[in-house]
Every structure is written in C-alpha cells, then in structure tokens.
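Coordinate inspection notes
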Amino acid sequence: MKTNKLVNWLVGGIACIAVGTSCDVEPSFYSQVVPETFYSSQDAVWERFNRPFTHWRWWVAQDRARWELQEFGTDEICVPTRGSDWYNGAVYQKFHHHEFGTDMVSIETGWTNFSMGVALAWDAMEDLAQVDFDALGFEEGTYESMINQMNTLAASFYLDGLDFFGGVPLYKTTQSDVLPRSTDVETFNFIDSLLTQSLPNLPVKTVLGEQETNTIHQAVAAALKARLYFNAEAYIGQPMYEEAAQICQDIIDGVYGEYDLATDWTNIFGWGNENCPEMIWVVPSENAKLETDGAFWGFTVPYNYKDYLGGLVDSGSDNGCCLLPSRDPEGNLYNFNLGNNYEGYNDKDVRKQNYVYEGDGKYRGMFIVGELINPDNPSWICTGTREYNAQTLTVVDQIARFSEVGTTYSSVSELPSTVADAEENSGVRPMKRSPRPNQEEYKQKFNPDIPIIRLTEIYYTLAECKMRLGDKQGAADLINKVRLRYFEDGVDPDPVTAANLDKYRMLKEWKLEFLNEGRRRTDLVRWDAYVTEDWWDHKATNNENYNRFPIHYSIMGANTLLEQNPGY
C-alpha cells in the first residue's frame, strides 16, 4: 500500500499525537499492506472509512483544545484562579489577556489535531482507492460517497487551521515530503476547491427530522462553504458576503436537503436530538458506547454538583471555567460594548433559569446559578469544598473573593474583580451541550448528541450578510424568527429591529444563541472586535497579529520550513 512516509510526515511535519477515544478503532501503520486482501469485508472497509471520523469527533467534541482556542480570550468564557485552584502557571490568565505564547499546549494541540485529521483523511482515501467495491457487494456509488465525504472532512480540518493560524502546509497525499506554509489565499482556495468538488456528489437528506449521524450530507459541505465565504474578509481581506448569503438562502430553501428550525430549544441539545430537524452535522453519542459530553462537564461544574442531581454516578468535576461576570463585587452591571453574558439574556427568556432535570428526557434552564438546592428534590444539595466547605453553594454572577471580606478586605467595595481573584462559587456556569440526568435515570447520561452545525447558524449567517449588504429589516426578521422560541407564546420583549441592529447587537445575538458552542473568537475577529474591545478586566491589545495564534515551538522544530506568524 505505502511505505512509512505517513509516519515520517506526521512526525516531521505535523507532530503525531496519541488520540484517546471510546471507539475501539485505533490507527495502525504498516510498511506493506494490500487493501484488496486486508479489507476483505464490507465491515472492514467501513471501519477504515470511519477511522478519520473518530479523530474528528475527538477534535470537535472530546478534546478541549479547539473549544479553548475559540472561547478563552473572548468575552464569554474564562478559567479564573480560584484560590489555590487553576493557576496552572498563569496559562489561563495569559489566554484571557491575549498574552499568547509559543509554549501553550492548547495551541500546539490546535495545530496537531487539525493536521492529523487531514493526514488520516488522505490515508483513508488512498486505501479506499485500492479496494474492489464491486467484488465486496457494495451498493453502487458507495465509493464515490466515501471519497467526497473524506474530501469534505479534510476541508473542515483545513478550515480550522486557516481560522486559527492563517495559511498552512497544503498536503494532498500521504506520500508528500514535508512542506512549508502556503499563503492565506492559497489555503482558502484549496478549501474552497475541495468543497466545490465534493458538494454536488454528497448524499442529500430527504426526510425532515430523519436521524442524524456523522454522515456528511450536501448541507454540511454547503454550510462549511458558507462559513469560509462568511469569514473571507478576515481570512484573505476579500468580502464575500453576497456569496455566503446565496448559499445560506439555498440551505434554508431546501436546495441541499430538508431542515427546519426547532421550536423548543431543549430539543437541540437534549435527549433525542439526533432527530431534531435543525441538525445539519452532529457528533453521535450514546451511553456505554460512543460517549462524549462535548468536553465541558468536568471542566465547568462545581465540585459537588453531582449531588444536585441526586448523586449522579461518574460525574466528578473540576470546577474550572465559567462565564465572564455580568456584575462587579458591589452588584452593579458592567457596561461594555459587547454586553454581558448571563445578564445579557432577557429575564423572560426561558433559557435564563437554573438547570433542572425533570425526568424522562425533559429539562429546563441553561445555567448553574444561585443557590444550588434542587427545587424538585430539595434534599439534593450541592455543597462547597473550599471557601464554603459543607455549606450550600450559591453560584454568583460575579468574580471576587467575598469570603475574605472582614479579614483581608474590610468591605465589598475594596474587593478586586479579576481573572486572578475568584473563589469556588464565582461565575455562572452554562449547562448547554450534553445536559445530565438525575441518578434515577443515570443510564441516560451521554445520550444527547453534540451539535456541530445547526440550521440556526445558517439563519444568523444570512442575517449578518443581509445587514452588511444594507438590508437590516431582512436581517432582523431572520433573527426574530429564531428568538420567538425563547419566549412564552412567542412574545419577544426585545426584538431586533432595523433601528437597533448594529455591530454590537449582531454580536450580542451571536453570543445569546451560540454561547459556549466554540465559535466566539471567530465572530469577534470577523467584526474586528477580538483585539480592539475591552471586556471585564481584559483590555484591548489593538494588535491585529493576535487575531491569529502563534505556531508552537515544537511544531516549528519538527518542520524547519515553517515560518512563524507575525508578532510572535
């Protein structure tokens, strides 16, 4: 089949990593393999085809690196130092203040994971090209579908590379020598060519609400192409909002398959969401099989939060990240251009409640906030373990060391509020991707799938394109169509209008809808807000170089042809 050049390429050009996954399909590299004998059954061929997808699910929904690069350093999420917890060499403080370094692990993983995904896709394609699909009894067109799905998967990995780092080496085969970086434009055009080639040859979803798997349908490639064009001005300095708008309109009109907005927001993230009509691309998850919680549970919730859920087994947590605070230590709302997180939601928004699992796959609320006594089971209480040891924990929308008032500080007014000054109850926690059941239904844990692309993104992308092209009323209508599901009887107390829709209202709507879904940095960069705006204790750097991350020193050492990004 091939020599060990793939291994050399991974080590020398991409820095091979070990991939942990609950799937038992692990990569093996051979000096000589004959696919027509090694892949002697349909199951073996499907297993080979699916191997790059196990890495993809790891990249987008299990390992935290991609999400951290998109959320840390934005106005949404931080990991504050909680007393002696989470200082970690100040790495999270550095992210928060845009003090990016070439030694940051998440940045290294960001490069290795996107590039390994490309390598695995090309490796699978080369193997599949040598399989006799007819002899194995495959349905006609199976091979072509597999190849076009693999091209689209590779494009999705390269799109992440472009988004995080700019131009990257453009490998097209595992037999290539180590390459230098291509330009931003070359990388953009290569991604575009992969999607253009594959899109018309992918399967189409023809049944509304049909179960989603990780199968790549036409709408996936179309949505990725829309993302590419939507951010073209940030990527290559060329606005392509008209092109992005046309693709989005086609997706909404059903050109690329049958999709529709969910009327109940819990159907998007909760149990049975694989049949939600809004889903375009998901990571499947199932208890005791392919489990993932989107990589956020253990990093987010308070230490004893499992007790709020009736002692839910195997639900330990590290009490790390939280939303940036809406209020200062004295309770006053912050007033920054980009608005607040928890308090940015209207009080009548059904999402703005403490999370409660009601049973039988039903739940309410999107946040962990306030006194953590389960209202449906008052004996289920989350207590503290640090500053509030054995006390009922009350999570506050503030970050400060309130427990030190009367000792270190004489009054609340003296308390500093920075990413270095938190305690265990500081910061509201989002409960969004992969909500958890109570102990009574513990086998329902991990059953929600993880949304990666959903139709609302297409609506909001089209809305922003219309706004930028001068049709503010058309943009407002699209956003308001989504907002109606968050208010009782569809009565929105604060609709978007042509008069109030500006840069900051648009960014607010992206935040309200996609909070914690791993896209905030991209939205801020597109609006030139990532390095130019203040939020909480973060001060704008006004350094456009920081719109991209540096390349880790280990990657530079493994491939001496790479050039570092400007400013690092």
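Just above, that's the structure.
These lines cover the structure that appears in this document, whether it is placed above or below. Each chain carries its own residue numbering, running from 1 in the written order of its sequence. Per-residue local features of the predicted model are confined to residues with pLDDT of at least 70, and side-chain atom pairs are confined, for both listing and counting, to 80 or more; whole-chain, interface and lining totals are unaffected and use all residues. Heavy atoms throughout the structure, all of them, feed into the side-chain values; hydrogens and water do not.

On to the overall build of the chain, then. Summing up its helical and strand segments, the chain has 19 helices and 10 strands in all. Note on method: radius of gyration uses C-alpha positions; expected globular size equals 2.2 Å times residues raised to 0.38. Rg of the C-alpha trace for the chain: 24 Å, near the compact-globule value of 24 Å for 568 residues, within the 12% margin. Each principal axis of the C-alpha distribution contributes one length, and for the chain these read about 75 × 50 × 50 Å. Any residue under 20% of the maximum accessible area for its type is buried, any over 50% is exposed, and the rest in between are partly exposed; the area is computed with a 1.4 Å probe on protein chains only. Residues counted as buried form 60% of the 568 residues belonging to the chain. Any pair of residues with heavy atoms lying within 4.5 Å of one another is described as a contacting pair. A sequence separation of at least 24 residues applies to 70% of the contacts in the chain between residues at least 6 apart. Put simply, DSSP marks the helices as runs of H or I at least four residues long and the strands as runs of E at least two long, and each gets a number from the N terminus on.

Right, let's get into the pattern of salt bridges. The term salt bridge refers to a side-chain nitrogen of Lys or Arg lying within 4 Å of a carboxyl oxygen of Asp or Glu. Scanning all chains against the criterion turns up 41 salt bridges. Arginine 66 is the salt-bridge partner of aspartate 160, the closest N and O atoms lying 2.9 Å from each other. In this pair, aspartate 160 sits in helix α7 (residues 142-165) while arginine 66 sits in helix α4 (residues 65-71), placing the two residues 94 residues apart along the sequence. Judged by its relative accessible area of 10%, aspartate 160 falls in the buried class.

Moving on, we get to the packing of helix α8 (residues 184-198) against helix α9 (residues 218-230). For helices, the fitted axis covers only the stretch in contact; all axes are lines through C-alpha atoms, and the angles between them, taken along N-to-C directions, range from 0 to 180 degrees. Relative orientation of the contacting elements α8 and α9 amounts to 155°, with a least axis distance of 10 Å. When the axis of α8 is compared with that of α9, the two are roughly antiparallel. Read as a crossing pair, α8 and α9 show a hand that is left-handed. Contacts between α8 and α9 pair Phe188, Ile191, Asp192, Leu195 and Thr196 from the former with Ala221, Leu224, Lys225, Leu228 and Tyr229 from the latter. Note on terminology: angles under 35 degrees are roughly parallel, angles over 145 are roughly antiparallel, angles of 65 to 115 are roughly perpendicular, and the others are oblique. With the far helix as reference, a near helix turned anticlockwise by less than a right angle produces a left-handed crossing, and one turned clockwise produces a right-handed crossing.

On to the packing of aromatic side chains, then. Pairing of aromatic rings covers Phe, Tyr and the six-membered ring of Trp, with a centre-to-centre limit of 6.5 Å; geometry is then stacked below 30 degrees between planes, edge-to-face above 60, and tilted otherwise. Throughout the structure, instances matching the rule amount to 42 aromatic pairs. Centroid distance tryptophan 46 to phenylalanine 49: 5.7 Å. Interplanar angle 80°. Geometry classified as edge-to-face. Here the residue tryptophan 46 and the residue phenylalanine 49 both occupy positions in helix α3 (residues 42-61), the gap between them amounting to 3 residues, near one helical turn. Accessibility expressed as a relative area gives 35% for tryptophan 46, which makes it partly exposed. Stacked on the ring of tyrosine 486, the Lys or Arg arginine 351 has its end atom at 3.4 Å from the ring centre. Only lysine NZ and arginine CZ atoms are considered, and such an atom sits over a ring when it is within 6 Å of the ring centre and within 35 degrees of the ring normal.

Here we take up the side chain of arginine 433. By the element assignment, arginine 433 lies in the loop between β9 (429-430) and β10 (450-454). Asp and Glu count as negative and Lys and Arg as positive, but His and the ends of the chain are not part of the count. Despite its burial, arginine 433 remains without a salt bridge, the nearest opposite charge being carried by glutamate 517 at 5.2 Å.

Here we take up a negative patch on the surface. Like charges are joined within 9 Å and nonpolar side chains (Val, Leu, Ile, Met, Phe, Trp, Tyr) within 5 Å, but only among residues with over 30% relative accessible area and no salt bridge; these make up the patches. Using a 1.4 Å probe, accessible areas were evaluated by the Shrake-Rupley method; residue-level cover was limited to the displayed protein chains. In this description, the location of a charge corresponds to atom NZ of lysine, CZ of arginine, CG of aspartate or CD of glutamate. The grouping of Asp132, Asp134, Glu139, Glu140 and Glu144 at the surface amounts to a negative patch. With respect to the element layout, glutamate 144 can be found in helix α7. Judged by its relative accessible area of 44%, glutamate 144 is partly exposed.

The subject of this paragraph is the packing of helix α6 (residues 105-128) against α7. Packing of α6 against α7 brings their axes to within 9 Å, and their N-to-C directions diverge by 160°. Judged on the interaxial angle alone, α7 and α6 are roughly antiparallel. Seen from above, α6 lies across α7 with left-handed handedness. Where α6 approaches α7, its residues Ile107, Gly110, Trp111, Asn113, Phe114, Gly117, Val118, Ala121, Trp122, Ala124, Met125 and Leu128 are matched on the opposing element by Tyr143, Met146, Ile147, Met150, Asn151, Ala154, Phe157, Tyr158, Gly161 and Phe165. The nonpolar class holds Ala, Val, Leu, Ile, Met, Phe, Trp, Tyr, Cys and Pro. Asp, Glu, Lys and Arg form the charged class, and all remaining residues, Gly among them, are polar. Broken down by class, the residue content of the contact of α6 with α7 amounts to 17 nonpolar, 5 polar and no charged.

With 3 bridges joining them, strand β4 (residues 356-359) and strand β5 (residues 362-364) adopt antiparallel strand pairing. For valine 356, the partnering residue across the bridge sits in β5 and is arginine 364. Once β4 ends, the chain turns through 2 residues before running back antiparallel as β5, passing aspartate 360 with a positive phi of about 55°. Two strands form a pair only when DSSP identifies at least two bridges running between them.

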